[in-house]
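As a plain string of letters, each chain reads:
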Amino acid sequence: MLSVDSPPARSREELQNLIIEKTRHLHKLQEQQAVLGIHTPPYILIQIEDLQAELEELRTELQTVKARTNAWQALVVDTDAYWREIIDRHIARLGGSSLEHPVFPSRADQDIIEACDLVIISPRPASGLTLQQWIKQVIKLGRQLPVILLASREDRDAAVALRQACRKEEPPIRVTTIFKDNFDGEWFARVIRQKLARRKVAALE
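The following refers to the structure shown. (Residues numbered from 1 in each chain as written. Predicted model: local features only at pLDDT ≥ 70, side-chain atom pairs only at ≥ 80, totals over all residues. Heavy atoms only, no water.)

1. Quick look at the packing of helix 5 (residues 131-142) against helix 6 (residues 156-167)
Spelled out, the test is: What counts as an axis is a line fitted to C-alpha atoms, over the stretch in contact for a helix, and the angles between N-to-C directions run from 0 to 180 degrees. Secondary structure elements follow DSSP: runs of H or I no shorter than four residues count as helices, runs of E no shorter than two count as strands, and numbering proceeds from the N terminus. Between 65 and 115 degrees an angle is taken as roughly perpendicular, under 35 as roughly parallel, over 145 as roughly antiparallel, and anywhere else as oblique. Definitions for this section: a left-handed crossing has its near helix turned counterclockwise from the far helix by less than a right angle. A right-handed crossing has that turn clockwise. Residues count as neighbours in contact if any of their non-hydrogen atoms are within 4.5 Å of one another. When residues are sorted by character, Ala, Val, Leu, Ile, Met, Phe, Trp, Tyr, Cys and Pro go into the nonpolar class, Asp, Glu, Lys and Arg into the charged class, and all the rest, Gly among them, into the polar class.
One way to put it is that helix 5 packs onto helix 6 with a least axis distance of 10 Å and a crossing angle of 50 degrees. With respect to helix 6, the axis of helix 5 lies oblique. The element helix 5 and its partner helix 6 pack so that their crossing is right-handed. Residues Leu-131, Trp-134, Ile-135, Val-138 and Ile-139 of helix 5 touch helix 6, and the partners they reach there are Ala-158, Ala-161, Leu-162, Ala-165 and Cys-166. In terms of residue class, the contact of helix 5 with helix 6 is made up of 10 nonpolar, no polar and no charged.

2. A closer look at unusual backbone geometry
In terms of backbone geometry, most residues other than glycine have negative phi values and most peptide bonds are trans. Cis peptide bonds are those with omega within 30 degrees of zero, and the linkage from Glu-170 to Pro-171 qualifies with 0 degrees. Counting through the fold element by element, Pro-171 comes out in the loop between helix 6 and strand 5 (175-179).

3. Quick look at the pairing of strand 4 (residues 147-151)
It is a general feature of regular strands that their side chains alternate between the two faces of the sheet. Spelled out, the test is: When a residue's accessible area, from a 1.4 Å probe over protein chains only, is under 20% of the maximum for its type it is buried; when over 50% it is exposed; and in between it is partly exposed. In this description, strands pair whenever DSSP reports at least two bridges between them.
Within strand 4, 5 of the 5 residues are buried, which leaves the element mostly enclosed by the surrounding structure. A two-sided burial pattern is seen for strand 4, the buried positions comprising Val-147, Leu-149 and Ala-151 on one face and Ile-148 and Leu-150 on the other. As judged from the 3 bridges shared by strand 3 (residues 118-121) and strand 4, these two strands associate in the parallel manner. Bridging across to strand 4, Ile-121 finds its partner in Leu-149. As judged from the 5 bridges shared by strand 4 and strand 5, these two strands associate in the parallel manner.

4. Quick notes on the pairing of strand 2 (residues 96-100)
To keep it simple, the criterion reads: If you view a crossover with the strands going away from you and the path from the first strand over the helix to the second runs clockwise, you call it right-handed.
Direction of pairing for strand 1 (residues 72-77) relative to strand 2: parallel, over a ladder of 5 bridges. Within strand 2, the residue paired with Leu-75 across the bridge is Leu-99. In the classification by handedness, the crossover that spans strand 1, the intervening helix 3 (residues 81-93) and the parallel strand 2 is right-handed.

5. Quick look at the packing of aromatic side chains
The cut-off we apply is this: By convention, a stacked pair of Phe, Tyr or Trp rings (six-membered ring in the case of Trp) has centres within 6.5 Å and planes under 30 degrees apart, an edge-to-face pair has planes over 60 apart, and any other such pair is tilted. Definition used: whenever NZ (Lys) or CZ (Arg) falls within 6 Å of the ring centre and also within 35 degrees of the ring normal, the charge is taken to sit over that ring.
Inspection of the entire model under this criterion finds 3 aromatic pairs. Residues Phe-183 and Phe-188 carry aromatic rings whose centres are separated by 5.5 Å and whose planes lie at 45 degrees to one another, so their mutual orientation is tilted. In textbook terms, an aromatic cluster arises when at least three aromatic residues are bridged by ring pairs, as seen for Tyr-82, Trp-83, Phe-183 and Phe-188. Note that Arg-153 overlies the ring of Phe-179, its terminal NZ or CZ placed 4.2 Å from the centroid.

6. What to know about helix 3
Convention followed: An expected span of 1.5 Å times one less than the residue number is assigned to each helix. An arc is given here, and it is the one of the directions from the helix axis to the C-beta atoms.
Spanning 13 residues, helix 3 covers 19 Å between terminal C-alpha atoms, matching the ideal 18 Å at 1.5 Å per step. Considered for burial, the residues of helix 3 that qualify are Trp-83, Arg-84, Ile-86, Ile-87, His-90 and Ile-91. The buried residues of helix 3 occupy an angular sector of 160 degrees when projected down its axis, which confines them to one face. Exposed side chains of helix 3 directed beyond 90 degrees from the buried face belong to Tyr-82, Glu-85 and Arg-93. Backbone geometry just downstream of helix 3 places Gly-95 in the positive-phi region, at approximately 85 degrees.

7. What about the sheet that holds strand 1?
Strand order in the open sheet formed by 5 strands is 2-1-3-4-5, with parallel pairing between adjacent strands. Strands with a single pairing partner mark the edges of an open sheet, and in this sheet they are strand 2 and strand 5. Sheet twist, expressed as the mean angle between neighbouring strand axes with direction ignored, is 25 degrees. Bridge count between strand 1 and strand 3: 4 bridges; the pairing is parallel. Within the sheet, the bridge partner assigned to Ala-74 lies in strand 3 and is Leu-118.

Here is the structure:
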């Protein structure tokens, strides 16, 4: 009697990449549907239904993997490759992984945000945003994820402006600033643990 081996379990990163890829495909099809309206060809409607079902299965599988590994993941929005490498190394030591994103995730990248437990962000994204635009993007992320700002001393004004804007939100958004100039791995680890603990408590409320 022949035995059929079950397919190897997919990793968290593999599942996330699949979710991102299929979500973007789904959004493109939905854009076509919005333009064509009632004239949308049946094959597009079928593809939309199939992708929605696949995404639901992938998200369930991802949640299972996360629960089994008890791992956590940080979204890292920083254009500085040197510091991304440093942060990656410290995150790995704490049992986590990082998902690098050089610019702020768009609405189409919601699955990226949902797959992460916190965000580490730089005041200088590559997208060339003004300070106010950058603050709005950070606040938008901060409504979904705990925020750590990784800044240099020369970014102090941006850090202060962000903190003031976050305090005006209802409820206020907590942003912890860590300065690169005197980076301390132990302090970084402590901040990470605090953010993750608060997120778990919030999830239970």
